Amino acid sequence: MADFFEDLVPVAPEGTGYVAKGDALPRIDGHAKVTGQARYAAEYLTDDVAYGVVVNSVTPRGRIAALHVEAALAVPGVLDVLTHTHRPRMRKLDLFYKDMTAPAGSPFKPLKDDEIHYSGQPVALVVAETFEAARYAASLVKVEIDPLPHETNLLANLARGHKPTPLKAGYSPPPKPRGDADAAFDAAPVKVEAEYYAGVEHHNPMEMHATTVLRAPDGHLTIYDKTQGSQNCRWLVSHAFGLSKSKVTVKNPFVGGAFGSGLRPQYNLLLAVMASLHLKRSVRVVLTRQQMFTFGHRPETWQKMKLAAERDGTLKAVVHEAIAETSRREDYCEVVVNWSGQLYRCDNVRLGYQLVDLDHYSPIDMRAPGAAHGVHALEVAMDELSYALAMDPLELRLKNYTDHDAAKDLPYSTKELKACYRQAAERFGWSQRKPQPRSRKEGSEWVGWGMATGQWDALQMFARAGAVLHADGRLEVESAASDIGTGTYTVMAQIAAAAMGLPMEHVRFRLGDSRLPVAPIEGGSSHVTTVGSAVEGVCEKLQKQLLKLAQKMPDTAFAGARLADVEFVQGTLRRRGDAASAVSLTGILAAAGKDRIEDKYLMLPHALKQKKYIRAVHSAVFCEVRVDEELGTVRVTRVVSAVAAGRIISAKTARSQVVGGVVWGISQALHEETHADHRLGRFMNHNYAEYHVAANADIHDIDVIFVEEDDRIVSRLGAKGVGEIGIVGVAAAVSNAVYHAVGRRIRSTPITPDKVMAPAQEWAAGDSAIGINAGG
Ligand code: MOS
């Protein structure tokens, strides 16, 4: 198959030179991005591309009675309008629509039939020669729907909670109770009991979801999609349309931010392929910002916590129950409550997790899914308990610190959380904190300090990498990985350059193409442990080849040497610490008469070793807020986050991940919520004017500390992964600081001005008020 485009592979600038694991390198894709050379999914245009615009239902549930497309078809330039009655053949069975991260149930299939499952559901795709014609024609499509009763209100339906079908990779249901949490709670002298609520959040990456399908004369489809996994999308497209995998290539060389929304292929992909197959030409479909609110979201979640302690702070009982929304078609599950049985030592723990089916699209992963809510409730409740005990919140956590997971009776592979607490507290100046809430006012603002703990899983999946070392000393490494804005290009090139002792600018790491060696979706903070380990593995295989070739050279200094006896430094192979023995890698290839050597490596996690440990990353987050009670505003003026996530492979990109997570945590704490009008069953604030995300002016000092661990159980690199941990605990630290500032406990996110100003302790106006029961 001929490529339509030669995808740009970013390379470090000349002069970058030799690098080591851990170095703080600037992103090698930065230049291509700011100069516009890096193309995103919607930007791969050819002369024959047709433009598709989606028409969405505004009714949440019902059946399509009529679809009037005549006016749209009459618009000059319109090629066709695809609907459930007018589209190419698609397979019917659910199993053909199961992408690699699909939860249990029946995946949504666009334009499948006349059934309406949610407000925002695509019901037609208008395709035209120009985007303008398609957009105008789309406004002329009239949809008549016979409505059916709908339900989108989680809080009014908590009683309908049911246990999920636990069939999603990475989901573990809550463990069985240990001890007797309820009896221990009743008997304990100090306790808190409270309910927490978090509203819906929608993904708002800079790049909207988009697909460009480029059709070759032989029918081959090259698809650029905004996705976290090119092979996942290829899998879905070939299955849904019954196409041979060799007829479909999916690419995502550049992604403008993806935080879970691209783990599952979105409807723009299937619609664009549908139109391409139907019209036999290339098609582009880009969602609008408003349409970014018409598929998965972070689920609205209700939680209840009961914590009890001895007067000295020893935890006696933890009860944590969560009820979250899912759609009627799929049981989208998150690990919400499990961390509450893990993070602190406690003998009596009862955890529960339930789902309520609503007439929305299925929720979808969003950065630190589950932990962003579950650890929030736990960490706010711990704060409440600390006040009930009149104990410092940090001291309470240290009092109940554990290196052992009681639920599974396993040790942590590594856990430097204590050092995180210590270093972050010191950097923040926590010892200067006055324990009394409402004790510091500066100007019109109350100043408060709060802290929280974060935990996330340290995951590793399997991946393959390929590598070619050329006679001129240039190294090409490849894997079907993704760089969703995290720095994958930089980190992988750095791992390879460091392993081979080659200058950074001599290494090209190719990703984002489904034809490359197998790699998982970029998700779960696992790309470094997974793809990074595969990259290091394939480099080791090249090293072995080079050593063998060097041993065949005349007067070799490497007779009998094993890999452990040699090192790859500054473009040479040499005996460890013996500069005189050095021979250049290009010299080795030249002596062997080879223009290249190549290899492949399959990295499989060491499951037997890994399952003897709990593998997790941790953080300690301290923050300062300034609250103006008259305006209801909260400013987060200082955050210190100390993260223990194994060995840090690329210090600058890792720091950026944590800073981004802190920003999003502040946004979660103060700004983000999508409101549904339950009468209409529809999300209302589906735009940047009304869905607020933290802007530059909302962000002040953020200080990131890495407490390094060397975790060879999680990965051969010693790394554990740093994507999601950055957000976990941040909103809790903000909430706790707000309490310390003004002495008012706000148990729902976001903490909007109305809640700050409210005289009573309330949340989710109009729904059941929550009783407060803190105190000993
Ligand atoms: Mo992230 S929710 O693992 O993309």
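These figures come from a predicted structure and were not determined experimentally. (Residues numbered from 1 in each chain as written. Predicted model: local features only at pLDDT ≥ 70, side-chain atom pairs only at ≥ 80, totals over all residues. Heavy atoms only, no water.)

Asker: Got a sec to walk through the pairing of strand β13 (residues 301-309)? Specific residues and values, please.
Answerer: The buried fraction of β13 amounts to eight of the nine residues, a majority that puts the element mostly inside the structure. Examined bridge by bridge, strand β8 (residues 190-198) and β13 share nine bridges and lie antiparallel to one another. The residue of β13 that forms the bridge with valine 192 is leucine 307. Sheet analysis places β13 next to strand β14 (residues 315-327), joined by nine bridges and oriented antiparallel. Paired with glutamine 303 across the strands is alanine 322, a residue of β14. A loop of five residues connects β13 with β14, the two strands running antiparallel in sequence, and glycine 313 in this loop sits at a positive phi of about 100°. (Buried < 20%, exposed > 50% of the residue type's maximum accessible area, 1.4 Å probe, protein only. Helix = DSSP H or I, 4+ residues; strand = E, 2+ residues; numbered from the N terminus. Pairing = 2+ DSSP bridges.)

Asker: Break down the packing of aromatic side chains for me, with residues and values.
Answerer: Counted under the stated rule, the structure contains 16 aromatic pairs. Relative to tyrosine 224, the ring of phenylalanine 5 lies with its centre 6.3 Å away and its plane at 80°, an arrangement referred to as edge-to-face. Pair noted here: phenylalanine 5 is in the segment before α1 (30-34) and tyrosine 224 is in strand β10 (residues 221-225), with a separation of 219 residues, a long-range link. Tyrosine 224 matches phenylalanine 5 in its accessibility class, with the two residues each being buried. Pairing tyrosine 387 with tyrosine 739 gives two aromatic rings, centres 4.7 Å apart and planes at 70°, and the pair type is edge-to-face. Of this pair, tyrosine 387 sits in helix α7 (residues 371-389) while tyrosine 739 sits in helix α15 (residues 730-742), and the two are 352 residues apart along the sequence. An aromatic cluster is built from Phe428, Trp430, Trp449 and Phe622, whose rings are joined through pairwise contacts. Cation over ring: lysine 306 sits above phenylalanine 185, and NZ or CZ is 4.6 Å from the ring centre. Residue placement shows arginine 745 over the ring face of tyrosine 739; its charged tip is 4.0 Å from the ring centre. (Phe/Tyr/Trp six-rings, centres within 6.5 Å; stacked < 30°, edge-to-face > 60°. Lys NZ or Arg CZ within 6 Å of the ring centre and 35° of its normal.)

Asker: Now, about the sheet that holds strand β32 (residues 701-706): what can you tell me, with residues and values included?
Answerer: Read from one edge of the open sheet, five strands run β19-β20-β28-β29-β32, paired in mixed fashion. Each edge of the open sheet is held by one strand with a lone partner, namely β19 (441-442) and β32. Here strand β20 (residues 445-457) pairs with strand β28 (residues 616-628) via twelve bridges, running antiparallel. Within the sheet, the bridge partner assigned to methionine 451 lies in β28 and is phenylalanine 622. Lying on the sheet, helix α9 (residues 417-428) is in contact with β20, β28, β29 (633-644) and β32; it crosses β28 at an angle near 25°. (Contact = heavy atoms within 4.5 Å. Axes fitted to C-alpha atoms, helices over the stretch in contact; angles between N-to-C directions.)

Asker: Any details on the nonpolar core? Residues and values, ideally.
Answerer: Grouped together as the largest cluster of nonpolar side chains are 99 residues, with contacts concentrated most on Tyr353, Leu385, Phe622, Val625, Val734 and Val738. Not counting the four nearest positions on each side in its chain, leucine 385 is found in contact with Val190, Lys191, Val192, Leu307, Ala309, Leu315 and Leu396. Among the nonpolar cores identified, the runner-up in size contains 57 residues, and Leu542, Leu547, Ala550 and Leu585 belong to it. (Core = buried A, V, L, I, M, F, W, Y, C linked by side-chain atoms within 4.5 Å.)

Asker: Can you break down the side chain of threonine 249 residue by residue, with the values?
Answerer: Mapped onto the elements of the fold, threonine 249 is located in strand β11 (residues 248-251). Side chain to side chain, threonine 249 and histidine 220 meet in a polar contact 2.8 Å long. (Polar contact = N/O pair within 3.5 Å; in protein donor to acceptor, adjacent residues only side chain to side chain.)

Asker: Could you give me a rundown of helix α12 (residues 585-592), with the residues and numbers involved?
Answerer: Regarding α12, the residues found buried are Leu585, Ile588 and Leu589. The buried side chains of α12 occupy one side of the element, clustering within an arc of 95° when seen end-on. Exposed positions of α12 whose direction lies more than 90 degrees from the buried face are Ala590 and Ala591. Positive phi shows up at glycine 593, right after α12, with a value of about 70°. (Arc of directions from axis to C-beta.)

Asker: Residue-level account of the sheet that holds strand β24 (residues 566-569), with values.
Answerer: Sheet architecture is open: three strands sit in the order β24-β25-β26, paired in antiparallel fashion. The open sheet terminates on both sides in strands that have one partner only, identified here as β24 and β26 (583-584). Looking at chain direction, β24 and strand β25 (residues 572-575) are connected through four bridges and run antiparallel. If you follow glutamate 567 over to β25, its bridge partner there is arginine 574.

Asker: Tell me about the pattern of salt bridges, and please be specific about residues and values.
Answerer: Applying the stated criterion to the full structure yields 50 salt bridges. With a shortest N-O distance of 2.8 Å, glutamate 445 and arginine 635 are connected by a salt bridge. Here glutamate 445 is found in strand β20, whereas its partner arginine 635 is found in strand β29, with 190 residues between them in sequence. According to the relative accessible area criterion, glutamate 445 is buried, its value standing at 12%. Its relative accessible area of 34% is what places arginine 635 among the partly exposed residues. Each of Asp3, Asp7, Lys251, Asp513 and Arg515 takes part in one network of salt bridges that share partners. (Salt bridge = Lys/Arg side-chain N within 4 Å of Asp/Glu carboxyl O.)

Asker: Give a description of the environment of lysine 434 that names residues and reports values.
Answerer: The topology assignment puts lysine 434 in the loop between α9 and β19. Taking the C-alpha atoms as reference, lysine 434 lies 9.7 Å from aspartate 392; in sequence the two are 42 residues apart. The residues contacting lysine 434, other than those within four sequence positions of it, are Ser439 and His740.

Asker: Describe in detail the packing of helix α14 (residues 651-670) against α15, supporting the description with residues and values.
Answerer: Axes are the key here: two packed helices are described by the angle between their axes and the distance separating the axes. For the pair α14 and α15, the least separation of the axes is 7 Å and the interaxial angle reads 50°. Of the possible angle classes, the one that applies to α14 and α15 is oblique. Every pair of crossing elements has a handedness; the one defined by α14 and α15 is right-handed. Contacts between α14 and α15 involve Gly661, Val662, Gly665, Ile666, Gln668, Ala669 and Leu670 from the former and Val730, Ala731 and Val734 from the latter. Partitioned by chemical class, the residues of the contact of α14 with α15 number seven nonpolar, three polar and no charged. (Parallel < 35°, antiparallel > 145°, perpendicular 65-115°, else oblique. Left-handed = near helix turned anticlockwise from the far one by under 90°. Nonpolar A, V, L, I, M, F, W, Y, C, P; charged D, E, K, R; others polar.)

Asker: Outline unusual backbone geometry, listing residues and values.
Answerer: Threonine 749 connects to proline 750 through a cis peptide bond whose omega is -5°. A positive phi angle, close to 55°, is found at alanine 368, a residue other than glycine. Following the sequence through the fold, alanine 368 ends up in the loop between β16 (349-358) and α7. A positive phi angle, close to 55°, is found at arginine 438, a residue other than glycine. For arginine 438, the position within the fold is in the loop between α9 and β19.

Asker: Give a detailed account of the packing of α7 against α15, specifying residues and quantitative values.
Answerer: Packing of α7 against α15 brings their axes to within 8 Å, and their N-to-C directions diverge by 30°. Relative to α15, the element α7 is oriented roughly parallel. In this structure, the crossing between α7 and α15 has a hand that is right-handed. Packed against α7, whose contacting residues are His376, Glu379, Val380, Asp383 and Tyr387, the element α15 presents Ala731, Ala732, Ser735, Asn736, Tyr739 and His740 at the interface. Within the contact of α7 with α15, the residues separate by chemical class into five nonpolar, four polar and two charged.

Asker: Would you mind going over the confidence of the model for the protein in detail, with residue names and values included?
Answerer: Per-residue confidence for the protein gives a mean pLDDT of 95, with 97% of residues at or over 70. When the criterion is pLDDT under 50, residues 760-776 qualifies, and its contacts beyond four places in sequence or with other chains add up to 30 contacts. (pLDDT = per-residue confidence, 0-100.)

Asker: Give a description of the environment of valine 693 that names residues and reports values.
Answerer: Checked against the element boundaries, valine 693 lands in the loop between β31 (682-683) and β32. Separated by 125 residues in the primary sequence, valine 693 and phenylalanine 568 have C-alpha atoms spaced 47 Å apart. Each residue touching valine 693, except ones within four places of it in the same chain, is listed here: Ser667, His671, Glu672 and Asp698.

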